[in-house]
Amino acid sequence: MTRLRAKRHIPERMERCAGRWFSTPATNKGKWREVCGFPSDCELYLEIGCGKGKFCCETALNNPDALYIALERESSVILAAIEKAESLQIPNLFFVNSDAKYLDDYFEEGEVNRIYLNFSDPWTRKKKPKRRLTYRDFLKVYEKIMVPGGQVRFKTDNDMLFDFSLTEFKECGFVLSEVTRDLHNSEYDGDNIRTEFEQKFADQGIPIKRCVATSGKSA
Ligand SMILES: C[S@@+](CC[C@H](N)C(=O)[O-])C[C@H]1O[C@@H](n2cnc3c(N)ncnc32)[C@H](O)[C@@H]1O
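Please read all numbers here as calculations on a predicted model, not as lab measurements.

A. Here's a closer look at the overall build of the protein chain. Looking only at helices and strands, one finds 9 helices and 7 strands in the protein chain. Compactness check: the protein chain gives a C-alpha radius of gyration of 17 Å against a globular reference of 17 Å for 219 residues, within 12% of the reference. Counting only C-alpha atoms, the protein chain reaches 45 × 45 × 35 Å along its principal axes. Counting over 219 residues, the protein chain shows a buried share of 47%. Expressed as a percentage of contacts within the protein chain between residues at least 6 apart in sequence, the contacts between residues at least 24 apart total 77%. Surface summary for the protein chain: the accessible area is close to 11200 Å², and the carbon and sulfur share equals 48%. Seen as two clouds, the 35 positive and the 34 negative side-chain charges of the protein chain have centres 7 Å apart.

B. Region of interest: the site of the ligand. Around the ligand, the surrounding shell holds 17 residues, and the nearest of these are Gly49, Glu72, Ala100, Asn118 and Thr195. Taking Thr195, its side chain carries an N or O atom lying 2.7 Å from an oxygen atom of the ligand. The contact in question runs from an oxygen atom of the ligand to an N or O atom on the backbone of Phe197, over 2.9 Å. For the ligand, whose accessible area on its own is 600 Å², the fraction buried by protein is 91%. When grouped by side-chain class, the residues that make up the shell around the ligand number 5 nonpolar, 5 polar and 7 charged.

C. Spatial organisation of the nonpolar core. The biggest cluster of nonpolar side chains holds 38 residues, and the ones touching the most others in it are Leu46, Ile48, Ile69, Phe107, Ile115 and Tyr142. In terms of residues, this core owes the most to one element, helix α8 (residues 159-171), which gives 5 residues. Setting aside chain neighbours within four positions, we find Phe107 in contact with Lys29, Trp32, Leu44, Leu46, Ile69, Val112 and Ile145. Within the second largest apolar cluster, 23 residues are counted, among which are Cys57, Tyr68, Ile78 and Ile82.

D. Main features of the packing of aromatic side chains. Counting across every chain of the model gives 12 aromatic pairs. Ring geometry for Tyr45 and Tyr116: centres 6.3 Å apart, planes at 90°, overall edge-to-face. Highlighted residues: Tyr45 in strand β1 (residues 44-48) and Tyr116 in strand β4 (residues 112-118), separated in sequence by 71 residues. Each member of the pair, Tyr45 as well as Tyr116, is classed as buried.

E. Quick look at a positive patch on the surface. A contiguous patch of positive charge on the surface is contributed by Lys101, Arg125, Lys127 and Arg131. Assignment of secondary structure puts Lys101 in the loop between β3 (93-97) and α6 (103-106).

F. Up close: the pairing of strand β7 (residues 209-214). With 5 of 6 residues buried, β7 is to be regarded as a mostly interior element. Relative to β7, strand β5 (residues 146-156) is paired through 6 bridges, and the arrangement is antiparallel. By the bridge assignment, Thr156 is partnered in β7 with Lys209. With 4 bridges joining them, strand β6 (residues 175-180) and β7 adopt antiparallel strand pairing. For Ser177, the partnering residue across the bridge sits in β7 and is Val212.

G. The confidence of the model for the protein chain, seen in detail. Confidence in the prediction for the protein chain averages 95 pLDDT; 97% of positions are at 70 or higher. Confidence scores differ between elements of the protein chain, with helix α1 (residues 2-8) showing the lowest mean pLDDT of 59 and β1 the highest of 99.

H. Representation of the pattern of salt bridges in the model. Applying the stated criterion across every chain, the model contains 13 salt bridges. Here Arg20 ties to Glu86 by a salt bridge, and the two come within 2.8 Å at their closest N and O atoms. Of this pair, Arg20 sits in the loop between α2 (10-16) and α3 (32-36) while Glu86 sits in helix α5 (residues 75-87), placing them 66 residues apart in sequence. Accessibility expressed as a relative area gives 32% for Glu86, which makes it partly exposed. Notably, a salt bridge pairs Glu198 with Lys155, separated by 2.7 Å at the nearest N-O pair. In this pair, Glu198 sits in helix α9 (residues 196-203) while Lys155 sits in strand β5, placing the two residues 43 residues apart along the sequence. In this structure, a network of salt bridges that share partners links the residues Asp159, Asp163, Arg181 and Lys209.

Reading the values: the criteria
Residues numbered from 1 in each chain as written. Predicted model: local features only at pLDDT ≥ 70, side-chain atom pairs only at ≥ 80, totals over all residues. Heavy atoms only, no water. Helix = DSSP H or I, 4+ residues; strand = E, 2+ residues; numbered from the N terminus. Rg over C-alpha atoms; globule rule 2.2 N^0.38 Å. Buried < 20%, exposed > 50% of the residue type's maximum accessible area, 1.4 Å probe, protein only. Contact = heavy atoms within 4.5 Å. Areas by Shrake-Rupley, 256 points an atom, 1.4 Å probe, with all protein chains shown as cover. Lys, Arg positive; Asp, Glu negative; His and termini not counted. Charge placed at Lys NZ, Arg CZ, Asp CG, Glu CD. Near = heavy atom within 4 Å. Polar contact = N/O pair within 3.5 Å; in protein donor to acceptor, adjacent residues only side chain to side chain. Nonpolar A, V, L, I, M, F, W, Y, C, P; charged D, E, K, R; others polar. Core = buried A, V, L, I, M, F, W, Y, C linked by side-chain atoms within 4.5 Å. Phe/Tyr/Trp six-rings, centres within 6.5 Å; stacked < 30°, edge-to-face > 60°. Patch = residues over 30% accessible without salt bridge, like charges linked within 9 Å, V, L, I, M, F, W, Y side chains within 5 Å. Salt bridge = Lys/Arg side-chain N within 4 Å of Asp/Glu carboxyl O. Pairing = 2+ DSSP bridges. pLDDT = per-residue confidence, 0-100.

Structure (structure tokens):
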């Protein structure tokens, strides 16, 4: 009942944070930096499936010169992220409440410097691999909207999804680095920012898998 009541107020609460998210993101295609009031040469980082926003809020606060766009398809979830960014008054973080399958409509070729995929849904049933955010059709779009040498930074708790993703990255011409199956006990944990799901899995003793996939696209 409480949950239903909270959900009923989503439009009003979204409206209260109107400057923080874009209802027609396709109109920003090719001009995100300009629309958000950032220099044309600043880095643009995109998080796909940002959940309740812990990662994008902390990362944006740590890197005030970069512009962050966080995408999440669940409105009740992204609302928490938007309200978090508002309460912290983070100037360089904006949101899009939509599905990754429309990315090509929202971003111009070569507009994005880096993509973060944190604890994406694994879609474990055999017939659903095309829904995984590291399925090759998604990787081709990421490569298109990223600059040459752009990076996808990927973290997961799920061994099957990690193995699947490493194969997909390689087959799509991405170059892999910083590959670890135990991030929190690795040399790459120094500046790692934990997401909500990451903290939950770490508390359960589940090792976190992580890699960086660099686009092989040439300039
Ligand atoms: C398991 S949660 C992880 C949330 C957060 N990244 C974290 O690590 O705490 C996955 C999130 O991705 C979102 N998501 C899954 N598929 C998506 C898609 N195709 N487009 C946008 N968001 C998606 C889900 O709604 C969910 O909030």
